[in-house]
Amino acid sequence: MIISSFIIDMDGVIYHGSQLLPGAKDFVDWLIAEKKQFLFLTNNSTPTPKELSEKLAHLGLDIPPSNFYTSAIATAKFLKSQKPEGGKCFVLGGAGLTYALYEHGFTMSSENPDYVVVGTEGSTHNFEGLQKALSLITKDNAKLIGTNPDTNGVKENGECVLGTGAFLAALEVASGKKAFTCGKPSSLMMAYAQSYLGLAKEDTCIIGDRMDTDILAGTSAQIDPVLVMSGVTNLTNLYNDAYRPYLVLNGCGEIANL
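Residues numbered from 1 in each chain as written. Predicted model: local features only at pLDDT ≥ 70, side-chain atom pairs only at ≥ 80, totals over all residues. Heavy atoms only, no water.

**Digging into the pairing of strand 14 (residues 224-228)**
Stage number 1. The buried fraction of strand 14 is high, at four of five residues.
Stage number 2. As judged from the four bridges shared by strand 13 (residues 204-208) and strand 14, these two strands associate in the parallel manner. From the neighbouring strand, Cys-205 faces strand 14, where its bridge partner is Asp-224.
Stage number 3. Both strand 14 and strand 15 (residues 247-249) contribute to a ladder of three bridges, which runs parallel. When the bridges of strand 15 are listed, Val-226 appears paired with Leu-247. (Buried < 20%, exposed > 50% of the residue type's maximum accessible area, 1.4 Å probe, protein only. Helix = DSSP H or I, 4+ residues; strand = E, 2+ residues; numbered from the N terminus. Pairing = 2+ DSSP bridges.)

Structure, rendered in structure tokens:
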């Protein structure tokens, strides 16, 4: 397997919660030693690249912020392409999302915003926040944007939690409006990631643990998808979908030996 660049999911591939997964350090060391280009790509819109870099540093991996790309950045980049002069956003999400939007020329406002932007679950995801978002969508014609379509996530203790897609679904049903999502499996985020790396699709692969985001994203973008069985996918749900990964591995540590 001769690949020059890697797009890598994080949770379920490199770590789970606060635990580094087996083989992850060897994989990252191999990427650096072989001078491979790589980008960590996450649908989590809450942390900034700097915060993600610091998290991995605490786990023993020294990777600069420039090697991280979040769905918050992809969302802000997309909105900038639609409204180059900037605009106003009402945000249900964390600090990483508002920071990315500010960096791309958008301000946060609950008065006549251009967009309602829903990110990874946080303190603003409550009935009051959802009701305000619904009012802005239906009365003020704010466009509904989601950083990602993930309907759920999994805590370190295995507990299932509501994801961005679940909140988007509630707003879609109540408003009758369809949300536009920017994160995986959107080919938009994959195009941004590939452009960031600056290499052709044929030289790139995406590594992830989820069929419905990582593997579908690679399939849709025509970038070879590699599935690792260290996250949410297991033998009981591996073959549920019409699309298939290019490779299936136990963990990312096996890639250096291919």
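After that view of the structure, there is still more to cover.
**Remarks on the packing of aromatic side chains**
Stage number 1. Applying the stated criterion to the full structure yields eight aromatic pairs.
Stage number 2. Aromatic side chains Phe-6 and Phe-27 sit 6.2 Å apart centroid to centroid with 80 degrees between the ring planes, which places their arrangement in the edge-to-face category. In this pair, Phe-6 sits in strand 1 (residues 5-8) while Phe-27 sits in helix 1 (residues 24-33), placing the two residues 21 residues apart along the sequence.
Stage number 3. Under the relative-accessibility criterion, Phe-6 is labelled buried at 2%.
Stage number 4. Ring-pair connections join several aromatic residues into one group, and the members of that group are Phe-6, Phe-27 and Trp-30.
Stage number 5. The lysine or arginine in question, Lys-55, covers the ring of Tyr-15, its NZ or CZ lying 4.1 Å from the ring centre.
Stage number 6. Across the ring face of Tyr-192, the terminal group of Lys-77 is positioned such that the distance to the ring centre comes to 5.2 Å. (Phe/Tyr/Trp six-rings, centres within 6.5 Å; stacked < 30°, edge-to-face > 60°. Lys NZ or Arg CZ within 6 Å of the ring centre and 35° of its normal.)

**Observations regarding the pattern of salt bridges**
Stage number 1. Under the counting rule described, the total for this entry stands at eight salt bridges.
Stage number 2. Between Asp-29 and Lys-25 there is a salt bridge; the shortest N-O distance is 3.0 Å. Of this pair, Asp-29 and Lys-25 both sit in helix 1, separated by four residues, roughly a single helical turn.
Stage number 3. Note that Glu-54 and Lys-50 form a salt bridge whose closest N and O atoms lie 2.5 Å from each other. Residue Glu-54 and its partner Lys-50 are both found in helix 2 (residues 49-58); the two are separated by four residues, about one turn of the helix. (Salt bridge = Lys/Arg side-chain N within 4 Å of Asp/Glu carboxyl O.)

**A closer look at the packing of helix 5 (residues 127-139) against helix 6 (residues 164-175)**
Stage number 1. Viewed as axis vectors pointing N to C, helix 5 and helix 6 meet at an angle of 45 degrees, and their least axial separation amounts to 10 Å. The orientation of helix 5 relative to helix 6 falls into the category oblique. Considering only the axes of helix 5 and helix 6, their crossing is right-handed. Contacts from Leu-130, Ala-133, Leu-134, Ile-137 and Thr-138 of helix 5 reach helix 6 at Phe-167, Leu-171, Ala-174 and Ser-175.
Stage number 2. Residue composition of the contact of helix 5 with helix 6, grouped by class: seven nonpolar, two polar and no charged. (Axes fitted to C-alpha atoms, helices over the stretch in contact; angles between N-to-C directions. Parallel < 35°, antiparallel > 145°, perpendicular 65-115°, else oblique. Left-handed = near helix turned anticlockwise from the far one by under 90°. Contact = heavy atoms within 4.5 Å. Nonpolar A, V, L, I, M, F, W, Y, C, P; charged D, E, K, R; others polar.)

**Remarks on the layout of surface pockets**
In this approach, a probe sized like a water molecule rolls over the atoms, and the result shows the empty space that is left.
Stage number 1. Size it by volume and the largest pocket reaches roughly 830 Å³.
Stage number 2. Lining the largest pocket are 35 residues, and of these Asp-11, Asn-44, Asp-150, Gly-153 and Val-154 sit closest to its centre.
Stage number 3. Counting only elements with at least two residues in the lining of the largest pocket, the list comes to strand 2 (15-16), helix 2, strand 10 (152-154), strand 11 (160-162) and helix 8 (211-221).
Stage number 4. A per-element tally of the lining of the largest pocket places strand 10 first, with three residues.
Stage number 5. Partitioned by chemical class, the residues of the lining of the largest pocket number eight nonpolar, 16 polar and eleven charged. (1 Å grid on protein atoms, 1.4 Å probe; cavity = no way out; pocket = protein on both sides within 12 Å on 5 of 7 lines; lining within 4 Å. Points joined across faces, edges and corners; volume = space filled by probe spheres on them.)

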